[in-house]
Amino acid sequence: MIRIEHLNKTYKTVQALKDVNLEVKQGELFAFLGPNGAGKTTTIRILTGLTRLSSGRVSLNGFDVGNRSIESRRQCGLVPQSINLDRELSVFENLTIHGKLFRMDRQERNKRIDELLDYVEMSDRKETLVKNLSGGLKRRLMIARALLHSPSILFLDEPTVGLDAAIRRKIWALIRKIQQHGTTIFLTTHYIEEAEFLADRVAFLDKGSIVVVDTPEALMNQMGVWALDRLKEDDMETHYFNDRKEANDYIAAHKDSFTLRRVNLEDAFLALTGKKVK
Ligand SMILES: Nc1ncnc2c1ncn2[C@@H]1O[C@H](COP(=O)(O)OP(=O)(O)OP(=O)(O)O)[C@@H](O)[C@H]1O
Ligand SMILES: [Mg+2]
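Just so it is clear, the structure is predicted and the values come from calculations on it, not from any experiment.

Peer 1: I'd like a rundown of the pairing of strand β9 (residues 201–206), residues and numbers included.
Peer 2: As defined by bridge partners, strand β3 (residues 29–33) adjoins β9 across 4 bridges and the pair is classed as parallel. The residue bridging Phe-32 from the neighbouring strand is Ala-203, located in β9. Where β9 meets strand β10 (residues 209–214), 5 bridges bridge the pair, whose relative direction is antiparallel. Note that in β10 the partner of Val-202 across the bridge is Asp-214. Between β9 and β10, which pair antiparallel one after the other, the connecting turn spans 2 residues, and Lys-207 there sits at a positive phi close to 50°.

Here you go:
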């Protein structure tokens, strides 16, 4: 379980997080959604003990991240936003170094490495140098590495950034599989459809503050069921309807050309953050 209470973080002059409060239950898949600079990475870095908080309390499975950072670090695995594998070493060597950091003995380490490579479907790449792996395989290796010491909480910071649609779906399937094995997952993303597809609950973070926390379904239901997009000269205008007939009547009553579609999480996000006025 992840608990965040009255968390604030200031970097010199920038207040990156403002009174963030959040609880994520064991086994939950939680998505932290927000635009660039919202404070997503800062939150993950504080939760994983990489950055100090300015005020507030955070704990993982009851272990205070500030006071008992060794225990709290054992609770979690981290897949950072930027690739930080050792390019000149093999897949096996990268995993071995990580296992040594967590003081796993050789036998336990090698067994777990084989298990995880099988899990992320990379057994045939064990001896490949990281510099020869594709972007998608590097991400999968980073996920395997984060799971090596069997943490109960996995943090994924923008797990699919820069990957093509097919590879992204493969990573999504892997993330779901990890959750099904009982791991709590906290991921950040600015791909709204990623949160909509994967998350049990999402939080919208904007300029360091949580705007809303809810299930994707509840957030979308607030908007309606159908969305009607009308292309204006320099922008898009969207109207929302609960009933498909009402939407069709609206189209019939206006001469413009419209696109009718189901409401998605992006509609809720745009309405809540005020990034675009309906
Ligand atoms: N080490 C640092 N020193 C000073 N300011 C920082 C530092 N790290 C982050 N910031 C600032 O804190 C704010 C939040 O940054 P953060 O990286 O947490 O955002 P993010 O939501 O992860 O963004 P992105 O989607 O671009 O990854 C930004 O204004 C950023 O410029
Ligand atoms: Mg970030």
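Peer 1: Let's hear about the sheet that holds β10: which residues, and what values?
Peer 2: Spatially, the 6 strands line up as an open sheet ordered β6-β7-β8-β3-β9-β10, and their pairing is mixed. Looking along the sheet, the strands with just one partner apiece sit at the ends: β6 (76–79) and β10. Going across the sheet, the axis of each strand differs from the next one's by a mean of 15°, ignoring polarity. Pairing analysis gives 4 bridges linking β6 to strand β7 (residues 153–157), with the strands arranged parallel. Bridge pairing links Cys-76 to Ile-153 in β7.

Rules used in this analysis
Residues numbered from 1 in each chain as written. Chains lettered and ligands numbered in written order. Predicted model: local features only at pLDDT ≥ 70, side-chain atom pairs only at ≥ 80, totals over all residues. Pairing = 2+ DSSP bridges. Helix = DSSP H or I, 4+ residues; strand = E, 2+ residues; numbered from the N terminus. Axes fitted to C-alpha atoms, helices over the stretch in contact; angles between N-to-C directions.

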